[in-house]
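One-letter residues, chain by chain:
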Amino acid sequence: MSHDGVRLRAVMRSVAFLTAGALAVPTLASCGSDDESGKPLAAQDIAPAGRDLVADGGTLRWAVDDVPETLNTFQSDADDATTRVAQAVLPAMFRLDAQGRPQRDADYLESAKVVDTEPKQVVLYKLDQRAVWSDGREIGAADFAAQWRALSGKDSAYWTARNAGYDRIEKIERGANNLEVKVTFSRPYADWKALFSPLYPKDVMGTPDAFNDGARRKLKVTAGAFSVQKVDRKDKEIVLGRNPHWWGRPAKLSQLVLTAVPLDKRAAALADGNVDLAEIDPADASRITLAGRAKGTSTPLQGASPTGKDENKNESRQKKKLSKKERKALAAYLRRQDALRAFTVRRSLEPAYTQLALNGSAGPLADERVRRAVARALDRTELAKVVLKPLGLPAVPVGSHLALSGQAAYADNSGALGGQDTTEAQALLADAGWVPGGPIKDKGEKAAGSEGKKTKKTDDESEGGSDGQYIVGEDNKDPQDHTGKHGHGDESSTHLADGKQYDGRKVKQGGAAGAYAPKGTAAPADAKTGLLAKDGKPLALRFVLPSGTGSESLGAVADSISRMLEKVGIRTEITKVSDDSYFKDHIASGQYDLALYSWPASAFPATDARPIFAKPVPAADGSLNVEQNYTRVGTDQVDQLFDQAASTLDEDESAALVRKADARIWAAAGSIPLYQRPQLTAARKTLVNAGSFGFQTPLYEDMGFLKKGATPSASPTKD
């Protein structure tokens, strides 16, 4: 999980900030399909080139957030850089294609399939006979077995972050020969293709000490196109070199260097020649695109300026007005702009989506009708446009919590909740007892919201300006007092997502998920202007956001959401907090009503998404075990559908069950998917087969720099 900019390393490997940016570019064409899962909304952008056009040798310097604390992807502090190293140096039985679907990696596997289902599921892996570790030993059943034992969860001496799937394995044994590995499951497991990717050598997985400490700072034995040559924490880089024992297509690059560069320093690092490839924010994307314009263009210069001055005016006249320090800063900026002409911005959509999270554990949002009302007040297409339209990316709202367009389990299930409808939102609020005006208690008394009171400002909350707290809707003076009762007309019941029904104010058991207020519920005529209250408390929701570098687009999205909610009478109190505090002190601890953060899309949602949406259960110590469900909203039906999907070996049936689970999640209105996150990558113009990869696992052996005079082909060859 991540909000845009705050990384939670322990949870599903998330990614950097996204911001809206100011540069308008032609919109990339989105893809369509009659298939329910569709196609990716935007193609990957990696400057594909055939290997015959790529020079042999060279060093690619690739920016990462930090040198990882561990090189073991199965530990809690693993991060994106850990994953990047593992992809380049370790075996993976399956890798993701451009549609986010698992495909057999032919460098390691000749085949892998379910060969028995009764009495137990058995998967037979047939390994490539050339597949060996860098120490010369064959990859085989002993490596599979060691990884299973380490990740099964049966031995607490292994400090593992996750064991999903491995806990279903009953035994692993050698097949008919050394190249066959037979895996028998104690329970059927649909997502078996998620296992052993990556695969570590038995030297790493064989003992708790080796697992816990042996692969944190070094990987002596590998089996990829590259191997780990050096982990340099002083210079903040990891150096990968060609693996001389590699049997596949040889790596084009001599070295791949992962260099730690903070997001706000990447434009400077690119201009100074310190990196060749870096994910960037929209402001830097704008700057690089503008730098690429031909010299002498009459187009006004826009974007970031070191002095904050308008550079569109006559440069010589402006320089006269600048101090010596400002002139020096401007000269350095212009030099860097000239250097940035060697780069281009490659654009796609990241395999992750940003959601609006609604904390359903307490306060007004504990009422499902209020959560639905919030959702029905939102125009998700307009919110997607705030972030994606300025970047020229398809501004299409995400229709699923569990997959993205193009993935096998994707379907737009937002109809289970319904689209933007102000009248319906007002009716839901009225049915929940929130009415315009009414007697409001003195400011000193508790207001509705998280834990029924305004959270005391902590040291991590930003002070002053727009980084503090401000209230949307508080400038409405003297809201009209409407105390008349609202008729309900038809008394037919409506179903809630948790399987309950309500008739007016009465609740009874039974039924399936739905998303509407009772037919005939009157919406207050003036709710567009009158803020709502109940039992003397105004309907005010605390909207918590991060305040760090790159959070501008989240602020813009939050402002738009607040205006939409104000139209139905909901006040929002926006509070910005430090990045370090955002997740730990607010999201994970439940100290918020509304929040924006992101989840990566998985090719195996029945396994990976379950803890994100599982119904919270009481722990032995009396606390609530939420796993990764930080909205605290869940239902037994959703849990059951996940369990069924994970145990169904028919891929189509499993995908159908995932879609049903998603429809239930929509109806519960604990989280509202908004948009797929943009992926902006600055790349040296001569660099090919690298950039914004979208869903696909990068092919590290194909990355490199064009031969002199070469022109990229339409698609890379496989020779």
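What counts as what
- Residues numbered from 1 in each chain as written.
- Predicted model: local features only at pLDDT ≥ 70, side-chain atom pairs only at ≥ 80, totals over all residues.
- Heavy atoms only, no water.
- Salt bridge = Lys/Arg side-chain N within 4 Å of Asp/Glu carboxyl O.
- Helix = DSSP H or I, 4+ residues; strand = E, 2+ residues; numbered from the N terminus.
- Buried < 20%, exposed > 50% of the residue type's maximum accessible area, 1.4 Å probe, protein only.
- Contact = heavy atoms within 4.5 Å.
- pLDDT = per-residue confidence, 0-100.
- Pairing = 2+ DSSP bridges.
- Axes fitted to C-alpha atoms, helices over the stretch in contact; angles between N-to-C directions.
- Phe/Tyr/Trp six-rings, centres within 6.5 Å; stacked < 30°, edge-to-face > 60°.
- Lys NZ or Arg CZ within 6 Å of the ring centre and 35° of its normal.
- Patch = residues over 30% accessible without salt bridge, like charges linked within 9 Å, V, L, I, M, F, W, Y side chains within 5 Å.
- Areas by Shrake-Rupley, 256 points an atom, 1.4 Å probe, with all protein chains shown as cover.
- Lys, Arg positive; Asp, Glu negative; His and termini not counted.
- Charge placed at Lys NZ, Arg CZ, Asp CG, Glu CD.
- Polar contact = N/O pair within 3.5 Å; in protein donor to acceptor, adjacent residues only side chain to side chain.

Caption draft 1: Representation of the pattern of salt bridges within the structure. Following the criterion strictly, the structure yields 29 salt bridges and no others. Asp-105 serves as the salt-bridge partner of Arg-95, at 2.5 Å between the closest nitrogen and oxygen. Here Asp-105 lies in the loop between β5 (102-104) and β6 (109-116) and Arg-95 lies in strand β4 (residues 94-96), a separation of 10 residues in the sequence. A relative accessible area of 14% means that Arg-95 is categorised as buried.

Caption draft 2: Quick look at the environment of Thr-184. Mapped onto the elements, Thr-184 comes out in strand β9 (residues 180-185). Look past the residues within four positions of Thr-184 in its chain and what remains in contact with it is Lys-120, Gln-121, Val-122, Ile-169, Glu-170, Lys-171 and Glu-173.

Caption draft 3: Representation of the confidence of the model for the chain within the structure. The share of residues in the chain with pLDDT of 70 or more is 78%, and the mean pLDDT across the chain is 83. Ignoring residues within four places in sequence, the model shows residues 1-34, a span with pLDDT below 50, making 139 contacts including any to other chains. A low-confidence stretch, residues 715-719 (pLDDT under 50), is modelled with 14 contacts involving residues beyond four sequence positions or located in other chains.

Caption draft 4: A look at the sheet that holds β6. As summarised here, the arrangement of the four strands in space is β6-β7-β9-β8, forming an open sheet in which the pairing is antiparallel. Two strands lie at the open edges of the sheet, namely β6 and β8 (169-174), each paired on one side alone. This sheet shows a mean twist of 15° between the axes of neighbouring strands, independent of strand direction. In terms of strand pairing, strand β7 (residues 122-127) meets β9 through five bridges, oriented antiparallel.

Caption draft 5: Here's a closer look at unusual backbone geometry. Residue Pro-119 is bonded to the preceding Glu-118 through a cis peptide linkage, with omega at 0°. Tracing the sequence through the fold places Pro-119 in the loop between β6 and β7. Between Ser-197 and the following residue, Pro-198, the backbone shows a cis peptide bond with an omega angle of 10°. Structurally, Pro-198 can be placed in the loop between β9 and α3 (202-205). The phi angle at Ala-47 is positive, at roughly 50°, despite the residue not being glycine.

Caption draft 6: Summary view of the packing of aromatic side chains. Tallied over the entire structure, the rule returns 18 aromatic pairs. Pairing Phe-94 with Trp-192 gives two aromatic rings, centres 5.8 Å apart and planes at 85°, and the pair type is edge-to-face. Taken together, the residues span a long stretch of sequence, with Phe-94 in strand β4 and Trp-192 in the loop between β9 and α3 at a distance of 98 residues. Grouping residues by exposure puts Phe-94 and Trp-192 together as buried. Measuring from ring centre to ring centre gives 4.7 Å for Trp-246 and Trp-247, while their planes differ by 40°; the resulting arrangement is tilted. Across the pair, Trp-247 and Trp-246 agree in class, each one buried. Every member of this aromatic cluster is reached through a ring pair, and the members are Phe-74, Phe-94, Tyr-125, Phe-144, Tyr-166, Trp-192, Phe-196 and Tyr-200. The ring of Trp-62 is capped by Arg-84, whose NZ or CZ atom sits 4.2 Å from the centre of that ring.

Caption draft 7: Structural detail: a positive patch on the surface. A grouping of Lys-324, Arg-327, Lys-328 and Arg-335 is seen on the molecular surface, where their side chains present a positively charged patch. Topologically, Arg-327 is positioned in helix α8 (residues 324-339). Take Arg-327: its relative accessible area is 38%, and that puts it in the partly exposed class.

Caption draft 8: Spatial organisation of the pairing of strand β27 (residues 671-684). Across the 14 residues of β27, 14 count as buried, placing the element largely inside the fold. Both strand β13 (residues 277-279) and β27 contribute to a ladder of three bridges, which runs antiparallel. From the neighbouring strand, Leu-277 faces β27, where its bridge partner is Ala-683.

Caption draft 9: Examining the side chain of Gln-147 more closely. Following the sequence through the fold, Gln-147 ends up in helix α2 (residues 141-151). Accessibility expressed as a relative area gives 0% for Gln-147, which makes it buried. For Gln-147, the contacting residues outside a window of four places in its chain are Phe-74, Tyr-166, Phe-196, Pro-198, Leu-199, Tyr-200 and Met-205.

Caption draft 10: View of the environment of Asn-178. Counting through the fold element by element, Asn-178 comes out in the loop between β8 and β9. The partly exposed category is assigned to Asn-178, whose relative accessible area is 45%. Separated by 37 residues in the primary sequence, Asn-178 and Ala-141 place their C-alpha atoms 7.5 Å from one another. When neighbours within four sequence positions are excluded, Asn-178 is seen to be in contact with Glu-138, Ile-139 and Gly-140. At a separation of 2.7 Å, a polar atom in the side chain of Asn-178 contacts the side chain of Arg-174.

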